[in-house]
Amino acid sequence: MNEIGLNHILFVSTALFFIGVYGFLTRRNLITMLMSIELILNSVNINFIAFNKYLFSDKLDGLFFTVFIITIAAAEAAVAIAIIINLYRNYKSIDVEDADQMKH
Amino acid sequence: MSASTVIFYIISAVILVGALLAVTARKIFRAAVYLLFSLIGIAGLYFFLNYEFIAAVQIVVYVGGIVVLIIFSIFLTHESGSDMKSPAIGRAIYSGLAAVFAFALTFFIINKTEFYPTQNETLEPSVRNIGLQMLSTTEHGYLLPFEAVSMLLLAAMIGCIVIAIKTRTQTD
Amino acid sequence: MIDAIYIALIPLLPFATFLLLGLFGKRMGNFSGIIGTTSLFVSACLSIFTAYQYFFNSEKIDGAYQKIIAFKFVWLQFSENVSIDMGAILDPISVMMLVVVTFVSLMVHIYSLGYMKGEERFSVFFSFLSLFTFSMLGLVLASNIFQIYIFWELVGVSSFLLIGFYYDRPSAVAASKKAFIVTRFADLGFLIGILILAFYSGTLDFGIMIERLTTQTDSLVAITSASFLGLSALTWGLALVFIGGAGKSAMLPFHIWLPDAMEGPTPVSALIHAATMVVAGVFLVARLFPVFALSCPVGLELVAVVGICSSLFAAIIACTQTDIKRVLAYSTMSQIGYMMFALGVSGYGGENGLGFTASMFHLFTHAMFKALLFLGAGAVIHYIHSNEMKDMGGLRKFMPVTHITFLIACLAIAGIPPFAGFFSKEEILSASFHHNKIIFGIAIVTAAITAFYMFRLYFSIFWNKEYHPHGENHHGEAPSTMKLPLLILALLSIVVGFIPFGHYVSSDGLELHSEFHLMFSIAPVLMAVGGILIAMMMYKNSNIVSQKVSESFKGFYTAAYNKFYFDEIYLFITKGIVFNLIGRPVAWIDKNIVDGFMNMLATLTENISDTLRPIQSGKLQGYAIYFFTGVIAFVLVFIYLWN
């Protein structure tokens, strides 16, 4: 516990964040893009908890942020799934390359 | 090299490898499972940091809720079995390079930064303290955001139902 | 006492009529003719009243008529000393011109009531006539050389509108364009001349300019010492101003527009191209006459030479033309040549100024009988529906009034006493005899040729063959609105010769007693009678004498018939040289280089936008990539490069 400092945990969260970004830019499937977004949000959660524990241990603000982020992520995932299902019904595909109606 | 350090490295490996596999897997179902492993790893990390409450919330909501929802949607969109198309090579290389570069930049900046821990007395993140804080209206009280988030959950619920509802004319 | 207000009315009444008929004429129909004629009648009465007041009741200083400024207001101030004023100046020539212009215009208005009856654009015609009268009156009353230029151009515009009145005829359209372009081209010289004179004399006002350029002032010294290509600036200035006048008066070599201008309706030819507009050049030289005579004798020689050459040239061509209006057009050019060279041989003051008086006298009488000739020709054309002499002959039995008045006019122009032309021509010849014998010789020969071709015209129309009227519904001679002006003008052609013109109009304002040299007058009258007899012999009865004569002079006859090929030369210069060598390359540059550059800019913009358009592809991940890249870039910039 003493040897694991803030920077170690920040390494993990930063790596997780950029893995999520890579997934978001690369994946062709809408559902896998959603999964990448979840990874990004989780990395932010780790960040908040880490800072709360190491830098602001007299308060619980980081923890509450995390709670709310989890809540909102859940709501957002639900809405995103609903949209994906609706999109699938109209275009019979969840490939993101096919959803290009809003072009020039 | 104490045991907690080793445990920390194992947990980090689970998280990162799971995430990597989740974003590069060819079969969608496997990607969802890898995500599940990664999220469990994150919960483990919370346990390691002695934030049990958040770890529990993570498992219940993320693993038991969101990943299940994702798996349902995979079934609903009939994509479960086959391989997914891989992205264009140019885009994959460009994104990879950009991500690696940005990671290096961020970590470099983090290393250079001086963090100053507070000197005050530690507040234990026990359930009692969390509850008291969340439902109080004094300074550092989170009653108002709590109520706002419940409104948000209600709106999201109604929104999902409205978006995903099947109208009479659509076939099933 | 001369009151300013009613003098301003003289040109403004026709202007108001122009506006009224131009805006509302269509609704008024035939009533517009009555309105036009009435307003002209009032103008004419006011002019005659002004003339009466001026010549009989105004103050004379040392027995000389004074230039009276009736009114003047500053219109455009260029600098402290130079400004364009609008005003009216009354001196003998402008008052005389007022009477001539309004009176002839009134006659033409009355005539047009009958001639243009049934024309669809009847009111338009009368509004244009009023515009022209206004412009001409403004021109003669102008007190400032720029004001004369403004009205000069206005007169040109009115002429353009009236020549091209029958705009559905391409020949009329071409003729009106030609008239406007040729006179406009000459007016370029006029403008440059104005600028030279104004620069050296430091003013645009006529009175002050004349005073500064005729008496020993610094302006005169400066303008005569500055020289360019061997001629003084004063000579250049006056020569350029004269070029403008020559263009408007159809002198050589700017005469090409006058014969073609006969495409307009005959009342227009009578008013504009016989009596009033074409004498504007003569009027301009008369206005600046003190400067010409006292300070620049070279300019005066130029005027004389151009005048006499035009006179002879036109007389020769007129002998061969078969369109009666063109014969009259060349006759006009010849008579104006007379007026020009009369000014050219004149001196200033006292006996020397005989040429000036003679020129103005001839202008006055010529207006009368030339208008009469044109109106008579109009009556003939109205009756026969053709302009060519070969369709006419023996009309004296069918058109008695026209016959007699036309005869009177021909006698007047030939210079037979006691008709008007005799007196004015005699004074001109006397003036030129005392100045330059060569010019006198040519003038006498031209007088003989004048008599010949005029009577060739007369006999070919009214004698020669027998006329057989064809067509069932053939109308009578002419309505009384057309006959009345003929009669009035004929009466005047007889009477005005007896006016002692020298009493009123002379170069320096003093009375000029012109003596009547009986011996002197005999020679020209004999030459004229000789010409008449030759014409009678050739044309009174149809015979082949005329044909034999033209065949014996074959080459010369063809050249004269083709107007000495002036039109062809001009056409070659403009089309062949200017268009091809200058016009075409410039057009090519404009189309390909200037336009091409603009087109290239547009195409370039289009291509760039086509390249940039796919950025908005509608694909989510594309946008996300741009976003991510932008964020990294911003972070780099703000952390490392921003200080």
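Preceding this paragraph is the structure being described.
Note that the structure is a prediction, hence the values are computed from the model and not measured.

### Description of the overall build of chain B
In terms of helices and strands, chain B carries six helices and zero strands. Its helices and strands taken in sequence order, chain B reads α-α-α-α-α-α from the N to the C terminus. Within chain B, the fraction of its 172 residues that count as buried is 34%. Sequence-distant contacts in chain B: of pairs separated by 6 or more residues, those separated by 24 or more amount to 52%. Taken as a whole, chain B presents about 10,400 Å² of accessible surface, with 71% of it coming from carbon and sulfur.

### Considering the nonpolar core
By size, the foremost hydrophobic cluster in this structure holds 194 residues, and its most contacted members are Met360 and Leu395 of chain C. If near-sequence neighbours (up to four positions away) are discounted, leucine 395 of chain C is found in contact with Val380, Tyr383, Ile384, Ile461, Phe462 and Tyr467 of chain C. If you look at the next biggest cluster of nonpolar residues, it comprises 80 residues, including Ala15, Val21 and Tyr88 of chain A together with Ile110 of chain B.

### Section: the packing of aromatic side chains
All names here are of chain B. Tallied over the full model, the rule gives 44 aromatic pairs over all chains. Plain terms: the ring middles of phenylalanine 103 and phenylalanine 107 are 6.1 Å apart, the flat faces sit at 15° to each other, and that makes the pair stacked. With a gap of four residues between them, phenylalanine 103 and phenylalanine 107 both fall in helix 4 (residues 89–112), about one helical turn apart. Residue classification places phenylalanine 107 among the buried positions, given a relative accessible area of 18%.

### A short note on the interface of chain B and chain A
If you look at the interface, chain B gives 86 residues, while chain A gives 70 residues. Surface buried jointly by chain B and chain A totals about 7,100 Å² across both partners, of which 75% is contributed by carbon and sulfur atoms. When the area that chain B buries against chain A is broken down by residue, the three leading residues are Val23, Tyr51 and Tyr62 of chain B, summing to 9%. One can count zero salt bridges joining chain B with chain A. In this structure, the connection of chain B to chain A is made through 13 residue pairs in polar contact (both at pLDDT 80 or more). Contributions of two or more residues to the side of chain B that touches chain A are made by helix 1 (3–24), helix 2 (28–48), helix 3 (52–76), helix 4, helix 5 (127–134) and helix 6 (143–164) of chain B.

### Concerning the pattern of salt bridges
Residues and elements named next belong to chain C. Scanning the entire structure with this criterion turns up nine salt bridges over all chains. The residue arginine 287 makes a salt bridge to aspartate 91 at a minimum N-O spacing of 3.0 Å. Of this pair, arginine 287 sits in helix 12 (residues 280–287) while aspartate 91 sits in the loop between strand 4 (83–90) and helix 3 (92–115), placing them 196 residues apart in sequence. Side by side, arginine 287 and aspartate 91 carry an identical accessibility label, which is buried.

### A look at a nonpolar patch on the surface
Judged by side-chain polarity, Phe108 of chain B together with Phe627, Val631, Phe634, Val635, Val637, Phe638, Ile639, Tyr640, Leu641 and Trp642 of chain C come together as a nonpolar surface patch covering roughly 1,200 Å² of accessible area. It is helix 25 (residues 620–641) of chain C that provides the largest number of residues to the nonpolar patch, a total of nine residues. Within the element layout of this structure, valine 637 of chain C appears in helix 25.

### Examining empty space enclosed by the protein
The probe, sized like a water molecule, is rolled over the atoms to show the empty space still left. All names here are of chain C. With the rule as written, the count across this model stands at four cavities of 30 Å³ or more. Volume-wise, the largest cavity comes out at about 80 Å³. If you go around the largest cavity, the residues you meet are Ala414, Gly415, Phe422, Lys425, Glu426, Leu429, Ala447, Ser521, Pro524, Val525 and Ala528. Listed by contribution, the elements that provide at least two residues to the lining of the largest cavity are helix 18 (420–435) and helix 21 (518–539). Split by residue class, the lining of the largest cavity holds seven nonpolar, two polar and two charged. The volume enclosed by the second largest cavity comes to roughly 40 Å³. As for the second largest cavity, its lining consists of His255, Ile256, Pro259, Ile317, Tyr330, Lys563, Phe566 and Asp567. The residue makeup of the lining of the second largest cavity, split by class, is five nonpolar, one polar and two charged.

### So, the interface of chain C and chain B
Facing 10 residues of chain C, the contacting portion of chain B comprises 10 residues. The largest share of the area that chain C buries against chain B comes from Ile625, Ile632 and Tyr640 of chain C, three residues that together contribute 47% of it. The tally of links between chain C and chain B comes to zero salt bridges. In this structure, the connection of chain C to chain B is made through two residue pairs in polar contact (both at pLDDT 80 or more). Tallied by class, residues from the side of chain C that touches chain B come to seven nonpolar, three polar and no charged.

### Let's talk about the environment of leucine 489 of chain C
Residue and element names in this part refer to chain C. Within the secondary structure, leucine 489 sits in helix 20 (residues 480–495). With a relative accessible area of 0%, leucine 489 lands in the buried category. Leucine 489 sits 118 residues away from alanine 371 along the chain, and the two C-alpha atoms are 7.8 Å apart. Excluding its chain neighbours within four sequence positions, the residues that come into contact with leucine 489 are Phe103, Met107, Met368, Ala371, Leu372 and Leu375.

Here is what the cut-offs are and how they apply
Residues numbered from 1 in each chain as written. Chains lettered and ligands numbered in written order. Predicted model: local features only at pLDDT ≥ 70, side-chain atom pairs only at ≥ 80, totals over all residues. Heavy atoms only, no water. Helix = DSSP H or I, 4+ residues; strand = E, 2+ residues; numbered from the N terminus. Buried < 20%, exposed > 50% of the residue type's maximum accessible area, 1.4 Å probe, protein only. Contact = heavy atoms within 4.5 Å. Areas by Shrake-Rupley, 256 points an atom, 1.4 Å probe, with all protein chains shown as cover. Core = buried A, V, L, I, M, F, W, Y, C linked by side-chain atoms within 4.5 Å. Phe/Tyr/Trp six-rings, centres within 6.5 Å; stacked < 30°, edge-to-face > 60°. Buried area = accessible area lost by both parts, 1.4 Å probe. Salt bridge = Lys/Arg side-chain N within 4 Å of Asp/Glu carboxyl O. Polar contact = N/O pair within 3.5 Å; in protein donor to acceptor, adjacent residues only side chain to side chain. Patch = residues over 30% accessible without salt bridge, like charges linked within 9 Å, V, L, I, M, F, W, Y side chains within 5 Å. 1 Å grid on protein atoms, 1.4 Å probe; cavity = no way out; pocket = protein on both sides within 12 Å on 5 of 7 lines; lining within 4 Å. Points joined across faces, edges and corners; volume = space filled by probe spheres on them. Nonpolar A, V, L, I, M, F, W, Y, C, P; charged D, E, K, R; others polar.

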